[in-house]
Amino acid sequence: MKEHQDSDYSFLQEKIKERPINRKKLIRTSINTATFAVVFGLVACVTFILLEPVIGNWLSPDKGDDLQIVTFPAEEEEMLPEDMVQDEDELNQNENISSAVSTVELQLSDYEAMYDKLHDVAKEAGKSMVTVTAMSSDVDWFNNPLESENETTGFIVADNGKELLILADQRFISKATEIMITFTDGEQATATIKKTDANTGLTILAVDMTVISQETKDAIKYISLGSSSTGNRVGDLVIAVGSPLGYNDSLCYGNITSMGNEINTIDMNYKLITTDIYGSSNASGAILNTKGQIIGIINQNYNSADLKNQISAIGISELRKTIELLSNADDSAYLGLYVTDVTATAQTQLSVPKGAYIKDIDLNSPAMLVGMQKGDVVTAIEDAVVTNVSEYVNELREHAPGEEVTITIQRMSVDGYREIDVKVTLGVLE
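So, how was this worked out
- Counting starts from 1 at the beginning of each chain's written sequence and moves along it residue by residue.
- Only residues with pLDDT of at least 70 get local features here, since the model is predicted, and only at 80 or more are side-chain atom pairs given and counted; chain-wide, interface and lining totals rely on the full set of residues.
- In computing side-chain properties, one takes all heavy atoms of the structure into account and sets aside hydrogens as well as water.
- Every patch collects residues that have over 30% relative accessible area and no salt bridge, joining them within 9 Å if they carry like charges and within 5 Å if they are nonpolar side chains (Val, Leu, Ile, Met, Phe, Trp, Tyr).
- Computed with the Shrake-Rupley method and a 1.4 Å probe, the accessible areas treat only the protein chains shown as cover for residues.
- What makes a salt bridge here is a side-chain nitrogen of Lys or Arg within 4 Å of a carboxyl oxygen of Asp or Glu, nothing more.
- Just so you know, the count uses Lys and Arg for positive and Asp and Glu for negative, and it drops His and the chain ends.
- The atoms used to mark charge sites are NZ of Lys, CZ of Arg, CG of Asp and CD of Glu.
- Only DSSP runs of H or I reaching four residues or more are called helices, and only runs of E reaching two or more are called strands; each is numbered from the N terminus.
- Any helix carries an expected span of 1.5 Å times its number of residues minus one.
- Buried residues are those whose accessible area, probed at 1.4 Å on protein chains only, stays under 20% of the maximum for their type, while exposed residues exceed 50% and partly exposed ones sit between those limits.
- Working definition: the arc comes from the directions between the helix axis and the C-beta atoms, pointing outward to the latter.
- In the cavity and pocket records, a cavity denotes points on a 1 Å grid over the protein atoms alone where a 1.4 Å probe fits but cannot get out, a pocket denotes an open set with protein on both sides within 12 Å along at least 5 of 7 lines, and lining residues are residues with an atom within 4 Å of a point.
- Grid points are joined across faces, edges and corners, and a volume is the space filled by probe spheres set on the points.
- In this text, buried Ala, Val, Leu, Ile, Met, Phe, Trp, Tyr and Cys residues form a nonpolar core when linked through side-chain atoms within 4.5 Å.
- Two residues form a contact once any of their heavy atoms are found within 4.5 Å.

**Q** Kindly report on a negative patch on the surface, identifying the contributing residues and their values.
**A** On the surface, Glu-382, Asp-383, Glu-403 and Glu-404 cluster together to form a negatively charged patch. Inspection of the secondary structure puts Asp-383 in the loop between strand E15 (377–381) and strand E16 (384–385).

Written as structure tokens, this is what we have:
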């Protein structure tokens, strides 16, 4: 019985020998693997070199080395009072012209011709305007998807060689998941937010120029920035374009009613231009002079309660540097002061030194952290003398966020004002 069992399971007692190694085949396989690895590495290296700029630009479109710096021409200098003096011959000539004009009886066709001229100015400026459509997605209480669109007017201000740069109002696009630009000829392209100014709410949108057809490039033009500090007076004729009535492509004519009011914001004061144009409290767009130049960006946030529908605008002269910084994706230096000019009365009667008087300080700002106080007067930034708000703004913008600067202030004490130097590291307004 035992012998029978041993014969039945005799295969379990057989020895299993390892398969002999084929050394030639092993060497050949190793060489092939190494060769493929080298080829793969070379292909990967070449692919990376070729695609790295494309991928880099895709991931960081604002950081390309070939982006051109955007600059805007300086404003024409304001005419001095002595330059406005006319000699006797010019005065006589003007009197003769005025006398001749007063005898001319205007016809209805003359008014029609005048409005035709104004319409031509607005039509030409329209080549610089685009419709900005902000599309956003959300869900309701029952988790149902909601799609919404919001439109505003944008203005083509420049390009940096790779992107077309469009100025728009950030409040209309703040919740957008996608931004669509519609040009004057109807062509559309997607845009991205390049930079936003926290002070004014203005933003620069960027459109890749490679997706814009040549026909559209030929049809559009860049808007011309005028001046809100020179050449404009109360009573001058202006044109409101964009969305003055709350919807795109609306158009209004009117006159400047005031230019003396100021908007006091952090580290910057802006001129407020008011008009007699009745529009929407939710208006956007710009005010043009009769040359078709922007002299103000419409902003209704600063209207008084009884004039909330009168079209008002922030002066372009004060915005010019802001738009330039936004176009280059640069930040403005942030100190955190609300300042105003020291009046002549305060200088003579209260002995307040000339400079930028601090009305208030932004909470947790760089200025507050180094101990600057309300009532101090800024008289210098680094070695540059500051005698008014305009000089304060200009000198502050000569420095960049993160830079340490010395601010000279005058502070009231028992014995009068005394000079104090404070070192402060400039920040970025969020």
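**Q** Account for helix H4 (residues 108–125), with residues named and values stated.
**A** Its 18 residues place the ends of H4 26 Å apart at the C-alpha level, agreeing with the 26 Å of an ideal helix rising 1.5 Å per residue. Here H4 has its buried residues at Leu-118, Val-121, Ala-122 and Ala-125. All buried residues of H4 fall inside an arc of 95° around its axis, so they share one side. Across from the buried face of H4, at angles greater than 90 degrees, the exposed residues are Leu-108 and Lys-123.

**Q** Mind laying out the environment of Gly-126, listing which residues take part and the relevant values?
**A** Summarising the element assignment, Gly-126 is placed in the loop between H4 and strand E1 (129–139). Overall, the relative accessible area of 18% leaves Gly-126 in the buried class. Separated by 95 residues in the primary sequence, Gly-126 and Lys-221 place their C-alpha atoms 8.9 Å from one another.

**Q** Tell me about empty space enclosed by the protein, and please be specific about residues and values.
**A** Tallied over the full model, the rule gives two cavities of 30 Å³ or more. The space that makes up the largest cavity amounts to roughly 70 Å³. Around the largest cavity, the lining residues are Thr-153, Phe-155, Leu-167, Ala-168, Asp-169, Leu-202, Ser-284, Gly-285, Ile-297 and Ile-298. Those elements giving two or more residues to the lining of the largest cavity turn out to be strand E2 (145–159), strand E3 (163–169), strand E10 (284–288) and strand E11 (294–298).

**Q** Hey, could you go over the nonpolar core for me, with residue numbers and the actual values?
**A** If you look at the biggest cluster of nonpolar residues, it comprises 55 residues, and the most contacted ones within it are Leu-335, Leu-337, Met-372, Val-378, Tyr-392 and Ile-407. With sequence-adjacent residues up to four places away left out, Leu-335 is seen in contact with Asp-267, Ser-365, Pro-366, Ala-367, Tyr-392, Leu-396, Ile-407, Val-424 and Leu-426. Residues Leu-164, Phe-172, Phe-183 and Ala-189 belong to the second largest nonpolar core, which totals 19 residues.

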